[in-house]
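Structural description and commentary
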Amino acid sequence: MKETNSRAAVLGLQHLLAMYAGAVAVPLLIGTGLGFNESQMTYLISIDIFMCGVATLLQLVVTRFFGIGLPVVLGCAIQAVSPLILIGTKSGITAIYGAVIAAGIFIVLIAGIFSKIKVLFPPLVTGTVITVIGLTLIPVAITKIGGGDAAAAEFGSSTNLLIGFVTIALIIGVQVVGKGFVRSIAVLVGLVGGTILAAFLGLVDLSAISHAPMFHLPQPFYFGKPTFDVWSILLMIIISIVSLVESTGVYFALGDITEKPITGNDLKRGYRAEGLAVILGGIFNTFPYTGFSQNVGLVQLSGIKTRKPIFFSAIFLIILGLFPKIGAIAQIIPEAVLGGGMLVMFGMVAVQGMKMLSKVDYANDKNLLIIAVSIGFGLGFNTMPALFSQMPETLQMFTGNGIVMSSLTAIVLNVLFNGLPKKAEESATTFSVETTKEA
């Protein structure tokens, strides 16, 4: 199938719709938690969309120092929500952005060191982590199919279920009977079709469009000059490390899908780009960024593995951030419709992880044990974070994140049972030489 600009643009729109809900969820949750007024919320959401596009471009454009060059979409890290609300409540909104800027600088500085962890991510570890990423996100999709709020009276209503399952059926139908380009935009067809059905049922709310301003420009330090609180910075650095671990899994998954080996230098440029995006986020008053897993599933599902559609997606995000009324159009998609699309995409992420695990030697019982315990910790702790409610808040940030717990468990058990790869020291030396040349 020839990838024309028009087709790439449509695929880019599909990527945008896939990540949009997750992207705006972070500013919505933080703004609500800190009691922002309507104008502050409008700015927060608009600049978030704009900066998601900028952050994505930083990864797409490969230079000597920045960009991993994979079809990756960046969005605000959901794991940062609670810590940022905590910082804002205790130290003020300006402390949030001081901590975000400092954390971004930290990521850029440690990128070279952190890139050497590639030796800790053989298929056994990466496959397990990617599988857990998909499986831990599926409950989010299920909640959205029910209406988004499990405590709401209409949650799980027949109407929500109808819309959600029709969306899924449309995606499956297009995948089965569609060919070429039409098949590659199955998720977009499902989202549009589900929204049209919801509109006929009177469930599409257009108020977001009417309330949004026509045009908006990003403003540095919109909420005031950043302040730098030591404890807030340390907390945000911890969250940034968590985000790097998650992004690493996304990078390896995309590398596997696109059949591009991920080198230490690739990781280093990717981490630096992520760190630069975080710094810019702090300056323009948004939040930390990470690679979005749902778009990994979309790359796998569409079969289009080039960066061109993601370039269009990034440009669309920047434009939407400048014109909030246009951006608000994506907000009219009902939760149940998004849930249907997400269920398919998150499932594809899990399947990609299972595919990576097919390279593992299952004759070795230790490998079976590593996978079993890592997935058990990842899913179990993510499902019941209250298990560690008596522990310090800093520790809870790790234990309540299934992706992080699965990553740490798989890495530690793999090193304990299988040791480091024989060429680990040689690789580390190579990375050091490359780093010296690069400097």
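Residues numbered from 1 in each chain as written. Predicted model: local features only at pLDDT ≥ 70, side-chain atom pairs only at ≥ 80, totals over all residues. Heavy atoms only, no water.

The name recorded for the protein chain in an unreviewed UniProt entry is Xanthine permease, from Candidatus Enterococcus testudinis. Under the UniProt heading Subcellular location (unreviewed entry), the entry covering the protein chain gives this text: "Cell membrane". (UniProt positions renumbered as here; feature names shortened; annotations may be inferred.)

Take the overall build of the protein chain next. The helix and strand tally for the protein chain stands at 19 helices and two strands. Computed over its C-alpha atoms, the radius of gyration of the protein chain comes to 21 Å, within 12% of the 22 Å expected for a compact globule of 439 residues. Counting only residues that meet the buried cut, the protein chain has 54% of its 439 residues in that class. Within the protein chain, residue pairs in contact and separated by at least 24 positions form 84% of the contacts whose partners lie at least 6 positions apart. Summing over all exposed atoms, the protein chain offers an accessible surface of approximately 18100 Å²; the carbon and sulfur share of this is 69%. Charge centroids of the protein chain, computed over 24 positive and 20 negative side chains, lie 11 Å from each other. (Helix = DSSP H or I, 4+ residues; strand = E, 2+ residues; numbered from the N terminus. Rg over C-alpha atoms; globule rule 2.2 N^0.38 Å. Buried < 20%, exposed > 50% of the residue type's maximum accessible area, 1.4 Å probe, protein only. Contact = heavy atoms within 4.5 Å. Areas by Shrake-Rupley, 256 points an atom, 1.4 Å probe, with all protein chains shown as cover. Lys, Arg positive; Asp, Glu negative; His and termini not counted. Charge placed at Lys NZ, Arg CZ, Asp CG, Glu CD.)

Two side chains that carry opposite charge are able to pair once their charged atoms sit near each other. The tally for this structure, following the rule as stated, stands at three salt bridges. Linking K144 and E335 is a salt bridge whose minimum nitrogen-to-oxygen distance equals 3.0 Å. One end of the pair, K144, is in helix 5 (residues 123–146); the other, E335, is in helix 15 (residues 335–357), and 191 residues separate them in sequence. On the basis of relative accessible area, E335 is assigned to the partly exposed category, the value being 31%. The residue R269 makes a salt bridge to D266 at a minimum N-O spacing of 2.6 Å. One end of the pair is R269 and the other is D266, both in helix 11 (residues 264–283) and three residues apart, which spans about a single turn. The pair R269 / D266 is uniform in exposure class, with both members buried. (Salt bridge = Lys/Arg side-chain N within 4 Å of Asp/Glu carboxyl O.)

In this section: the side chain of D266. We classify D266 as buried; its relative accessible area is 7%. Discounting chain neighbours no more than four positions away, the residues touching D266 are I68, K260 and P261.

Before going further, it helps to examine the confidence of the model for the protein chain. Looking at the protein chain as a whole, the pLDDT averages 83, with 92% of positions reaching at least 70. Here helix 19 (residues 424–438) stands out as the element of the protein chain with the lowest mean pLDDT, 41, in contrast to helix 6 (residues 158–177), whose mean of 93 is the highest. Within the model, pLDDT remains below 50 along residues 424–439, and this stretch shows 19 contacts once partners closer than five positions in the same chain are excluded. (pLDDT = per-residue confidence, 0-100.)

With that out of the way, let us pick up a nonpolar patch on the surface. A cluster of nonpolar residues, L162, L201 and L203, forms a patch on the protein surface that exposes about 250 Å² of accessible area. Looking at the secondary structure, you find L203 in the loop between helix 8 (186–200) and helix 9 (207–211). Accessibility expressed as a relative area gives 39% for L203, which makes it partly exposed. (Patch = residues over 30% accessible without salt bridge, like charges linked within 9 Å, V, L, I, M, F, W, Y side chains within 5 Å.)

What follows concerns helix 5. Counted at 1.5 Å a residue, the expected span for helix 5 with its 24 residues is 34 Å, and the 35 Å between its end C-alpha atoms agrees. Backbone geometry just downstream of helix 5 places G147 in the positive-phi region, at approximately 130°. (Expected span 1.5 Å × (residues − 1).)

Its identity as a non-glycine residue notwithstanding, F221 has a phi of 55°, on the positive side. Along the chain, the position of F221 falls in the loop between helix 9 and helix 10 (230–258). Here F221 falls in the partly exposed class, since its relative accessible area comes to 35%. Here the phi dihedral of E259 falls at roughly 60°; this positive angle occurs in a residue that is not glycine.

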